[in-house]
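Fold and geometry: a report
Here are the chains, one letter per residue:
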Amino acid sequence: MLGLMQEWPLLVHKIIDHASLYHGDREVVTRTTEGPMARTDYRTLARRARQLADALDKRGVANGDRLGTLAWNSARHMECWFGIAGIGAVVHTLNPRLFPEQLAWIINHAQDRMLFFDITFAELVAELVPHLKSVETYVALTDRDHLPQNIPHLVAYEDLIAEGSGDFAWKEFDEHTACGLCYTSGTTGNPKGVLYSHRSNVLHAMMACATDTLGLSCRDTILPVVPMFHANAWSIAHAGPMVGAKLVMPGPKLDGKSLCELFNGEQVTMTAAVPTVWMAALQYLEQSGERFSHLKRVVIGGAAAPQAMIEVFEKKYGVEVVHAWGMTELSPIGTVGTPTAKVAAQPYERQLDYKVRQGRPPFGLEAKIVDGDGRELPRDGKAAGRLKVRGPAVAKAYFQGDGPSAFDADGWFDTGDVATLDGDGYMTITDRAKDVIKSGGEWISSIAIENIAVGHPAVAEAAVIAVGHPKWGERPLLVVVPKPGRTVAKADILAHLAGRIAKWWMPDEIVFVEALPHTATGKIQKVALRERFADYRLPG
Ligand code: AMP
């Protein structure tokens, strides 16, 4: 017997309709690429998204067409998300930090028909144009006065939306219709496209809003530093309007000073970014002596949040850290570190042991760890294995069937991460499977060593990679970037690690470098680092 409840398709543009109706005057503030701050609200944003939808419909954009965006976080970029999705077309977010050849490959692979871009990327777009096979129209996200030169088939966004009506009625279609496309950074092989559906994005945004996930409220002012081109901005461009929070979009300026100006100037209560962004922001605060005036909560994910960083936020600045883990394939939120009642009842120093872990899955994400033969491992907080997940916002295949088979017959997605799980669901990522260090047949967690190393007051950044060893197979090499103006001796760092990790985990050698290579999403690029140290031989 079927239930007698209404069909109400989960469509992402219903989110902006809700925000427009019930939080219409809630602001969306943007630091624009043109320079000045721009202020709009959900009512206006929703209307302009409908104008865009109508204009695209009139120009013949059809259900399933892919339209690329090469843009910072801004109100206009949000209008694109909702306007494009509202006619059943697909927003394809592109990461401008990728090499031009990679971008051209991705745009051609996705067969994007239009490319929306911020004027800061005009030169990059001009360079791409001769290589793009499917793009018919280029849309500069600006007005006619700021149109760049040298780009063919170009229209200013403000002129484009003037072709459409704000009373346009959204198209109707199935909730499983695709609405977003994002390619993973692809450290090996070609990038792979993750194709989100309306349903997966709406369910994921509902998961994200929950108190023990991101805990969003209409009283919050949220500054998503995490870009809309990096895994859905961790849902904030959907979840923010879903609850009616004020949004502060930082545009192109993501340095410590510019961000702190917005945090305090706009009275931001909640924010989210990868650890590398916070390294710079905390350094700025330390140097300037400034403090956060209204910030209550910061979500750190995308790479492991070091304990030292968590402690500075919480102890020095009184800002709660929520450590989260996720992936593009998971829309992207996977696990979140808000404390259970049991953990919250413990003394702070003990709670810290949990805060450095990557958190627990919210409802909507199943997780398990398996051994090399695919057998499930115990949830005892000790056994480490490949992490597999499934849920309504987890990919079931890559766009156009590309990529190795990370998806098994039972619907589990192999994340490629190695983790432990405990009885309460707390997960600790020990490594990417391809980065693990196997010494004498046992795994050494590079993430654990890195986290402790950056807790040394003179260390800015640290990475651990495997180097060959005649007896043990592999041994850890610690690569350290000292803080500006600081020097630190190898012996100091070894002393700092001693007692905090098992003796056989101690790095065999420490080398000092000026900088580490990073991926387009701000993660340390271990592949490049291993290449750099490919010929390295341990002393003795
Ligand atoms: P991306 O799809 O670019 O967001 O990359 C996802 C990958 O980033 C994951 O598979 C992890 O390897 C890594 N990652 C994300 N969050 C964390 C975290 N909190 N701690 C450690 N690794 C993380």
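Bear in mind the structure is a predicted one, so any value in this text is a computation, not a measurement.

Turning next to the overall build of the protein chain. In terms of regular secondary structure, the protein chain is built from 16 helices and 24 strands. Projecting the C-alpha coordinates of the protein chain onto the three principal axes gives extents of approximately 70 × 65 × 50 Å. Looking at the protein chain as a whole, 59% of its 540 residues qualify as buried. Excluding contacts between residues fewer than 6 apart, the proportion of contacts in the protein chain whose partners are at least 24 apart in sequence is 67%. When the accessible surface of the protein chain is split by element, carbon and sulfur atoms take 52% of a total near 22,600 Å². Of the charged side chains in the protein chain, 56 are positive and 62 negative; the average position of the first set lies 4 Å away from that of the second.

Right, let's get into helix α14 (residues 446-453). In terms of burial, α14 is a largely internal element, seven of the eight residues being buried. Those residues of α14 lying buried are S446, I447, I449, E450, N451, I452 and A453.

This part takes up the nonpolar core. Counting 122 residues, the largest nonpolar core has L56, L70, M78, F116, W278 and F313 as its most contacted members. Here this core takes eight residues from helix α2 (residues 42-58), the largest share from any one element. What L70 contacts, discounting residues up to four positions off in sequence, is L94, N95, P96, L103, L115, F116, F117, D118, F121, L124, V125 and L128. Counting 25 residues, the second-largest nonpolar core is a separate cluster that includes Y196, I369, F407 and M427.

Of the two faces of strand β5 (residues 114-117), the one lined by M114 and F116 and the one lined by L115 and F117 are each fully buried. Bridge count between strand β3 (residues 66-70) and β5: four bridges; the pairing is parallel. Its bridge partner lying in β5, L70 is registered against F117. Relative to strand β6 (residues 137-140), β5 runs parallel, the two being bridged by four bridges. By the bridge assignment for β6, F116 is matched with V139. Crossover handedness for the path β5 to helix α5 (residues 122-128) to β6: right-handed.

The seven strands are arranged β7-β6-β5-β3-β4-β8-β9 in an open sheet whose pairing can be described as mixed. Each end of this open sheet is capped by a strand with a single partner; those strands are β7 (154-156) and β9 (193-197). Neighbour to neighbour, the strand axes of the sheet diverge by 25° on average, direction disregarded.

Here we take up the packing of helix α10 (residues 275-288) against helix α11 (residues 307-316). Look at α10 against α11: their axes get within 11 Å of each other, and the N-to-C directions meet at 45°. One finds that α10 runs oblique with respect to α11. Handedness of the crossing formed by α10 with α11: left-handed. Taking contact as the criterion, the partners of P275, W278, M279, L282 and E286 in α10 are, on α11, M309, V312, F313 and K316. Tallied by class, residues from the contact of α10 with α11 come to seven nonpolar, no polar and two charged.

With that settled, the discussion passes to the site of the ligand. Close to the ligand lie 16 residues, the nearest being A324, T328, Q358, D417 and R432. In the environment of the ligand, an oxygen atom lies 2.7 Å from a nitrogen or oxygen atom belonging to the side chain of T328. About the coverage of the ligand: the protein hides 92% of its 500 Å² of free accessible area. Counting residues per element, the shell around the ligand draws most heavily on strand β14 (residues 320-326), which supplies four residues. Of the residues contributing to the shell around the ligand, the split by class is five nonpolar, eight polar and three charged.

By domain assignment, the protein chain separates into domain 1 (13-245), domain 2 (341-432) and domain 3 (437-532). Here domain 1 and domain 3 have C-alpha centroids that lie 38 Å from each other. Contacts between domain 1 and domain 3 engage six residues on the former and four residues on the latter. Taken together, both faces of the contact between domain 1 and domain 3 bury some 490 Å²; the carbon and sulfur share is 65%. Where domain 1 meets domain 3, there are zero salt bridges. Where domain 1 packs against domain 3, one counts one residue pair in polar contact (both at pLDDT 80 or more). A per-class count over the side of domain 1 that touches domain 3 returns one nonpolar, four polar and one charged.

With that out of the way, let us pick up the packing of aromatic side chains. Evaluated as defined, the whole model comprises 12 aromatic pairs. Each ring, one from W278 and one from F313, has its centre 5.5 Å from the other, and the planes form 85°; the classification is edge-to-face. Highlighted residues: W278 in helix α10 and F313 in helix α11, separated in sequence by 35 residues. Each member of the pair, W278 as well as F313, is classed as buried. Relative to W505, the ring of W504 lies with its centre 6.2 Å away and its plane at 85°, an arrangement referred to as edge-to-face. Through a chain of ring-to-ring contacts, three or more aromatic side chains come together here, namely F263, W278, F292, F313 and Y317. Taking the ring centre of Y398 as reference, the NZ or CZ of K192 above it sits at 5.5 Å. Here the basic side chain of R360 rests over the ring of Y426, its NZ or CZ set 5.5 Å away from the ring centre.

Viewed as axis vectors pointing N to C, helix α1 (residues 13-22) and helix α8 (residues 236-243) meet at an angle of 35°, and their least axial separation amounts to 7 Å. Of the two possible hands of crossing, α1 and α8 adopt the one that is left-handed. Residue-level inspection shows I15, I16, H18 and A19 of α1 in contact with α8, the latter providing H238, P241 and M242.

Pairing is possible between side chains of opposite charge, provided their charged atoms come close. Applying the stated criterion across every chain yields a total of 37 salt bridges. One salt bridge in this structure joins D159 and R144, with 2.9 Å as the shortest N-O distance. Note that D159 is positioned in helix α6 (residues 157-162) and R144 in the loop between β6 and β7, a separation of 15 residues in sequence. Judged by relative accessible area, D159 falls into the partly exposed class, the value being 25%. Among the salt bridges present, the one from R475 reaches D508, with a minimum N-O distance of 2.8 Å. Of this pair, R475 sits in strand β23 (residues 473-482) while D508 is found in the loop between α15 (490-497) and β24 (509-512), placing the two residues 33 residues apart along the sequence. Through salt bridges that share partners, E34, R48, R76, E79 and E158 make up one connected network.

Note that S258 resides in helix α9 (residues 256-265). Within the local environment of S258, its side chain forms a polar contact with the side chain of D255, the two groups lying 2.5 Å apart. When sequence neighbours within four positions are dropped, the list of residues in contact with S258 reads R31 and K253.

Rules of the game
- Residues numbered from 1 in each chain as written.
- Predicted model: local features only at pLDDT ≥ 70, side-chain atom pairs only at ≥ 80, totals over all residues.
- Heavy atoms only, no water.
- Helix = DSSP H or I, 4+ residues; strand = E, 2+ residues; numbered from the N terminus.
- Buried < 20%, exposed > 50% of the residue type's maximum accessible area, 1.4 Å probe, protein only.
- Contact = heavy atoms within 4.5 Å.
- Areas by Shrake-Rupley, 256 points an atom, 1.4 Å probe, with all protein chains shown as cover.
- Lys, Arg positive; Asp, Glu negative; His and termini not counted.
- Charge placed at Lys NZ, Arg CZ, Asp CG, Glu CD.
- Core = buried A, V, L, I, M, F, W, Y, C linked by side-chain atoms within 4.5 Å.
- Pairing = 2+ DSSP bridges.
- Right-handed = clockwise from strand over helix to strand, strands pointing away.
- Axes fitted to C-alpha atoms, helices over the stretch in contact; angles between N-to-C directions.
- Parallel < 35°, antiparallel > 145°, perpendicular 65-115°, else oblique.
- Left-handed = near helix turned anticlockwise from the far one by under 90°.
- Nonpolar A, V, L, I, M, F, W, Y, C, P; charged D, E, K, R; others polar.
- Near = heavy atom within 4 Å.
- Polar contact = N/O pair within 3.5 Å; in protein donor to acceptor, adjacent residues only side chain to side chain.
- Domains from an automatic or database assignment.
- Buried area = accessible area lost by both parts, 1.4 Å probe.
- Salt bridge = Lys/Arg side-chain N within 4 Å of Asp/Glu carboxyl O.
- Phe/Tyr/Trp six-rings, centres within 6.5 Å; stacked < 30°, edge-to-face > 60°.
- Lys NZ or Arg CZ within 6 Å of the ring centre and 35° of its normal.

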